[in-house]
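Summary of structural features
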Amino acid sequence: LPGLLQLSFAVRGLEYASLFRSLGPLLVTVRGMLVDITRFGGLYAFVLIGFANAFFVLFALSGESLDYGGYPRILQEQLLWLLSSVDRSLLDGLTGQLHATGDVLFWGYIVLSYFVLLNLLIAVFNSTFEKVQRQAFNEWLFLRMATMLDFEARVAQPPRGGQQ
């Protein structure tokens, strides 16, 4: 609970930091990038689950027992591969043509995730940054107005308990 209170205090502090002309547009950019990450997460989830299904079917075809940890382990390994922790021991149980198919799936996932999707995310971030920078002064004025109106509304409220 104390950690959540500190986090809410920091977020509230960012609202007041938006009053400064140099920080306001940056905060709008960060907010836009958080929206971009959410959208990207939806797209990436489809890719992640699609490749996880392919690996799962590959292991089922190999007749290998599910001692390798099943679907959760496949998802875990894929996320670790994305974070540059490549451990291909998951594919060691496959033999022959199934191992070659596993290699193709592995490299397909790496190429799609690293080179296509992460570059797409960077491009979307750049687009958000450029959009905010074009309107930086207007964004700053709007944030300043919204923060000041919020502050005035809080000050103008009568004290709780009905006392004047």
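Further up the page is the structure itself.
If you're wondering where the values come from, they're calculated on a predicted model, not measured in any experiment.

Our focus in this paragraph is the overall build of the protein. Scanning the protein from terminus to terminus reveals 5 helices and 0 strands. Its helices and strands in sequence order give the protein the pattern α-α-α-α-α, from N to C terminus. Expected size for 164 residues packed as a compact globule is a radius of gyration near 15 Å; at 24 Å, the protein overshoots this value by more than 25%. When the backbone C-alpha atoms are referred to their principal axes, the protein occupies close to 80 × 45 × 20 Å. In the protein, buried positions account for 27% of the 164 residues.

Let us look at the packing of helix H3 (residues 70-82) against helix H4 (residues 96-134). Taken N-terminus to C-terminus, the directions of H3 and H4 make an angle of 50°; their axes are 10 Å apart at the nearest point. With respect to their mutual orientation, H3 and H4 come out oblique. By crossing handedness, the relation of H3 to H4 is classed as right-handed. Along the contact surface, H3 presents Gln78, Leu79, Trp81 and Leu82, while H4 presents Phe106, Tyr109, Ile110, Ser113, Tyr114 and Leu118. Along the lines of polarity and charge, the residues of the contact of H3 with H4 split into 8 nonpolar, 2 polar and no charged.

The next point concerns the nonpolar core. Counting 22 residues, the largest nonpolar core has Tyr44, Phe55, Phe59, Trp81 and Tyr109 as the members making the most contacts within it. Elements supplying a minimum of two residues to this core: helix H2 (24-62), H3 and H4. Here this core gets 9 residues from one element, more than from any other, and that element is H2.

Let us look at the packing of H2 against H4. Two quantities define a packed helix pair, namely the angle between the helix axes and the distance between the axes. At a minimum axis distance of 9 Å, the contact between H2 and H4 shows a crossing angle of 170°. On the basis of their axis angle, the class for H2 and H4 is roughly antiparallel. When grouped by side-chain class, the residues that make up the contact of H2 with H4 number 28 nonpolar, 9 polar and 1 charged.

This part takes up the pattern of salt bridges. Enumeration over the complete set of coordinates arrives at 2 salt bridges. The partner of Arg39 in a salt bridge is Asp36, with the nearest N and O atoms 4.0 Å apart. Taken together, the residues span about one helical turn, with Arg39 and Asp36 both in helix H2 at a distance of 3 residues.

Turning next to a nonpolar patch on the surface. Taken together, the side chains of Leu1, Leu4, Leu5, Leu7 and Val11 make up a nonpolar region of the molecular surface, amounting to roughly 560 Å² of accessible area. Residue position: Val11 is located in helix H1 (residues 2-17).

So, on to the packing of aromatic side chains. Scanning all chains against the criterion turns up 8 aromatic pairs. Relative to Trp107, the ring of Phe106 lies with its centre 4.9 Å away and its plane at 75°, an arrangement referred to as edge-to-face. According to the relative accessible area criterion, Trp107 is partly exposed, its value standing at 49%. Taken together through their ring pairs, the aromatic side chains of Phe51, Phe55, Trp81, Phe106, Trp107 and Tyr109 make up a single cluster.

As a further point, take the side chain of Asp36. Residue Asp36 is classed as buried on the basis of its relative accessible area, which comes to 8%. Residues within four places of Asp36 in sequence aside, it is in contact with Leu121, Val124, Phe125 and Thr128.

How each quantity is defined
- Residues numbered from 1 in each chain as written.
- Predicted model: local features only at pLDDT ≥ 70, side-chain atom pairs only at ≥ 80, totals over all residues.
- Heavy atoms only, no water.
- Helix = DSSP H or I, 4+ residues; strand = E, 2+ residues; numbered from the N terminus.
- Rg over C-alpha atoms; globule rule 2.2 N^0.38 Å.
- Buried < 20%, exposed > 50% of the residue type's maximum accessible area, 1.4 Å probe, protein only.
- Axes fitted to C-alpha atoms, helices over the stretch in contact; angles between N-to-C directions.
- Parallel < 35°, antiparallel > 145°, perpendicular 65-115°, else oblique.
- Left-handed = near helix turned anticlockwise from the far one by under 90°.
- Contact = heavy atoms within 4.5 Å.
- Nonpolar A, V, L, I, M, F, W, Y, C, P; charged D, E, K, R; others polar.
- Core = buried A, V, L, I, M, F, W, Y, C linked by side-chain atoms within 4.5 Å.
- Salt bridge = Lys/Arg side-chain N within 4 Å of Asp/Glu carboxyl O.
- Patch = residues over 30% accessible without salt bridge, like charges linked within 9 Å, V, L, I, M, F, W, Y side chains within 5 Å.
- Areas by Shrake-Rupley, 256 points an atom, 1.4 Å probe, with all protein chains shown as cover.
- Phe/Tyr/Trp six-rings, centres within 6.5 Å; stacked < 30°, edge-to-face > 60°.

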